Amino acid sequence: MHSHHSHSGDYCAHGVDPLNSMIDRVINLNFQTYCLTEHIPRVESKFIYPEELALGKTSDDIITSLETSFKNFMSHAQKIKARYAGKPDVRTKFIIGTEIESCDMVHIEYAKRVMRENSDILKFCVGSVHHVNGIPIDFDQEQWYNSLHSFNDNLKDFLLSYFQSQYEMLTNIEPLVVGHFDLFKLFLPNDMLVNQKSGQCNEETGVPVASLDVINEWPEVYHSVVRNLQFIDSYGGAIEINTSALRKGLKEPYPSKTLCDLVKKHCGSRFVLSDDAHGVAQVGVCYDKVKKYIVDVLQLEHICYLEECQPPQNGISLKKLPITRFVNDPFWTNI
Ligand SMILES: [Zn+2]
Ligand SMILES: [Zn+2]
């Protein structure tokens with residue numbers, strides 16, 4: 001079993017447990033591959049989250065502490081990797097990567113430099129979008145609404161901007177793993193009324209957003225999704241099936257069935273699995289549910305995972321696991 005995306009309380013302000021405790025749980029659950037992917041530090045004060053304000057007195061202090069924290073993460077992760085590489089009774093392979101947000105081009109350029117300068121440690125990245133119009137969409141409901149308001153409450157324009165930011169991130173970084181593809185749905189209110197034609201929200205002529213399939217509703221949105229998937233296909237990237245949506249109470253993981261069907265069609269059906277854990281209780285969380293999603297709903301024939309090349313070769317490759325082997329993995333007896 002695999003997870004390609006995780007954080008911990010040591011290095012992420014909303015993480016809840018020390019990294020070492022999470023690793024104990026990973027080993028107990030008998031993961032085959034577990035990737036450690038803290039965020040590239042944000043270097044502009046406008047992107048500091050409220051929860052990070054306690055890290056320093058001034059925004060410069062906070063930016064410095066985010067940078068220091070990431071360096072500490074890299075050395076800690078290397079120790080973990082080395083510790084378990086030599087233990088024959090542990091099958092878990094740890095891969096160190098990072099999650100890159102597409103805050104803006106300043107951040108993307110900085111992230112590329114960090115990746116380049118630490119290429120011996122950071123083997124891959126998870127490419128994500130957490131901001132639309134510079135406003136975080138996964139922090140809380142209020143910020144999500146602020147982001148929608150910045151498009152005059154037009155959901156279609158909001159979605160187009162989300163997928164445009166994703167496209168800029170993809171073309172600049174070419175991440176091997178694309179994180180939580182439809183993160184915008186986390187705070188999308190089911191009962192919000194949307195005009196089916198224009199995408200304008202809270203109009204009397206609108207229908208509840210839950211009755212729409214927002215990807216298929218507007219051709220421009222659909223085409224931007226297909227464009228993004230075709231680009232990911234062009235460099236051989238994979239789409240993450242991320243269970244954090246399930247633990248947060250959504251009915252589907254990221255991405256939805258509609259999007260997964262498009263991944264099958266336009267991106268070689270290359271999916272990897274992630275728990276996006278931020279604490280011990282989230283390691284492998286909702287994997288029983290996601291197994292049903294993968295096997296029964298999506299009916300995938302294989303699932304992909306990352307594997308590091310053996311020295312002296314220095315690289316990483318995407319492998320395919322037939323779904324029969326996925327279903328029979330010894331991991332399932334532990335959850
Ligand atoms: Zn993320
Ligand atoms: Zn993450």
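Per chain, residues are indexed from 1 in the order of the written sequence. Chains carry letters and ligands carry numbers; both start at the beginning, A for chains and 1 for ligands, and go up in the order they are written. Since the coordinates come from a predicted model, pLDDT governs what is reported: local features require at least 70, and pairs of side-chain atoms require 80 or more to be given and counted, while whole-chain, interface and lining totals use all residues.

Topic: the overall build of the protein
Move 1: Within the protein, the regular secondary structure consists of eleven helices and 14 strands.
Move 2: Summarising its shape, the C-alpha atoms of the protein cover approximately 65 × 50 × 35 Å along the three principal directions.
Move 3: Comment: burial labels come from other C-beta atoms within 10 Å of the residue's own C-beta, placed from the backbone, where a count of 20 or more is buried, 12 or fewer is exposed, and between is partly exposed. Counting the 335 residues in the protein, one finds 41% classified as buried. Think of it this way: any DSSP run of H or I at least four residues long counts as a helix, any run of E at least two long counts as a strand, and we number them from the N terminus.

Quick notes on the sheet that holds strand 3 (residues 93–96)
Move 1: Two strands qualify as a pair provided that DSSP identifies no fewer than 2 bridges between them. Strand order in the open sheet formed by three strands is 1-2-3, and the pairing between neighbours is parallel. Whereas interior strands pair on both sides, the edge strands pair on one side only; in this sheet they are strand 1 (2–3) and strand 3.
Move 2: Of the strand pairs in this sheet, strand 2 (residues 33–36) and strand 3 are connected by four bridges, and their pairing is parallel. Bridge assignment links L36 to a residue of strand 3, and that residue is I96.
Move 3: Think of it this way: build a C-beta for each residue from its backbone, and any pair within 7 Å is a contact. Whenever a helix is involved, its axis is fitted only over the stretch in contact; in every case the axis is a line through C-alpha atoms, and angles between N-to-C directions fall within 0 to 180 degrees. Its contacts with the sheet place helix 2 (residues 59–85) against strand 2 and strand 3, and it is angled at close to 155 degrees to strand 3.

Considerations on unusual backbone geometry
Move 1: Put simply, Y254 and P255 share a cis peptide bond, and its omega is -10 degrees.
Move 2: With respect to the helices, strands and loops of the structure, P255 is situated in the loop between helix 8 (244–247) and helix 9 (257–266).
Move 3: For N30, which is not a glycine, the phi torsion comes out positive at approximately 65 degrees.
Move 4: The exposure class assigned to N30 is partly exposed, which follows from the 18 C-beta atoms found within 10 Å.

As for the packing of helix 7 (residues 219–235) against helix 9
Move 1: For the pair helix 7 and helix 9, interaxial distance at closest approach is 9 Å and the crossing angle is 45 degrees. With respect to their mutual orientation, helix 7 and helix 9 come out oblique. Here the hand of the crossing between helix 7 and helix 9 comes out right-handed. Within the contact between the two elements, helix 7 uses V225, V226, L229, Q230 and D233 and helix 9 uses L259, L262, V263 and H266.
Move 2: Residues are sorted three ways: Asp, Glu, Lys and Arg are charged, Ala, Val, Leu, Ile, Met, Phe, Trp, Tyr, Cys and Pro are nonpolar, and all the rest, Gly among them, are polar. Its residues assigned to classes, the contact of helix 7 with helix 9 comprises six nonpolar, two polar and one charged. Working rule for angles: under 35 degrees goes down as roughly parallel, over 145 as roughly antiparallel, 65 to 115 as roughly perpendicular, anything else as oblique. By the definition used in this description, the sense in which the near helix is turned from the far one sets the handedness, with an anticlockwise turn below a right angle giving left-handed and a clockwise turn giving right-handed.

Some points on the UniProt feature "domain: PHP" (unreviewed entry) in the protein
Move 1: UniProt positions are given in the numbering used here, feature names are shortened, and annotations may be inferred rather than shown by experiment. Residues given the UniProt feature "domain: PHP" (unreviewed entry) here are residues 4–244.
Move 2: The annotated region residues 4–244 carries 42% helix and 13% strand content, and the separation between its end C-alpha atoms amounts to 12 Å.

Points about the nonpolar core
Move 1: By definition, a nonpolar core groups buried Ala, Val, Leu, Ile, Met, Phe, Trp, Tyr and Cys residues that are joined through C-beta atoms within 7 Å. The biggest cluster of nonpolar side chains holds 78 residues, and the ones touching the most others in it are L159, F271 and V272.
Move 2: Looking at which element gives the most residues to this core, the answer is helix 5 (residues 155–173), with seven residues.
Move 3: The contact partners of L159, leaving out residues within four places of it in the chain, are F184, V214 and V221.

With respect to the environment of D10
Move 1: When you line up the elements, D10 lands in the loop between strand 1 and helix 1 (19–29).
Move 2: For the pair D10 and G279, spaced 269 residues apart in the sequence, the C-alpha separation amounts to 10.0 Å.

Focus on the pairing of strand 5 (residues 125–128)
Move 1: Neither face of strand 5 is left uncovered, since the one carrying C125 and G127 and the one carrying V126 and S128 both have all their residues buried.
Move 2: Two strands pair when backbone bridges link them, and strand 4 (residues 98–101) and strand 5 are joined in this way by four bridges, in the parallel orientation. Residue I100 lies in a different strand from strand 5, and its bridge partner there is G127.
Move 3: When the strands point away from the viewer and the path from the first strand over the helix to the second turns clockwise, the crossover is right-handed. Crossover handedness for the path strand 4 to helix 3 (residues 105–117) to strand 5: right-handed.

Quick word on the environment of G315
Move 1: Turning to its location among the elements, G315 is positioned in the loop between strand 13 (302–308) and strand 14 (316–322).
Move 2: With 19 residues separating them along the chain, G315 and D296 place their C-alpha atoms 34 Å apart.

Looking at the sheet that holds strand 4
Move 1: With respect to topology, five strands assemble into an open sheet ordered 4-5-8-11-12, the strand pairing being parallel. One side of each edge strand has no neighbouring strand; the edge strands of this open sheet are strand 4 and strand 12 (271–274).

What to know about helix 10 (residues 287–297)
Move 1: Three or more residues of helix 10 are buried, namely Y287, V290 and I294. Projected down its long axis, helix 10 shows its buried positions confined to an angular sector of 60 degrees, all on one face. Those residues of helix 10 that are exposed and aimed more than 90 degrees away from the buried face are D288, K292, D296 and V297.
Move 2: Of the surrounding elements, those touching the buried residues of helix 10 are strand 11 (238–242), helix 8, strand 12 and strand 13. Here the arc refers to the set of directions running from the helix axis out to each C-beta atom.

Re the pairing of strand 2
Move 1: The alternating pattern of strand 2 places T33 and C35 and Y34 and L36 on opposite faces, both of which are buried.
Move 2: Here two bridges tie strand 1 to strand 2, and the two strands are oriented parallel to one another. Within strand 2, the position partnered with S3 by the bridge is Y34.
Move 3: The handedness of the strand 1 to strand 2 crossover, carried by helix 1, is right-handed.

Focus: helix 9
Move 1: What helix 9 keeps buried is the set C260, L262 and V263. Axial view of helix 9: buried residues confined to an arc of 155 degrees, hence all on one face.
Move 2: Of the surrounding secondary structure, the elements contacted by the buried residues of helix 9 are helix 7, strand 11 and strand 12.
Move 3: Remark: G268 follows helix 9 within two positions and exhibits a positive phi of approximately 60 degrees.

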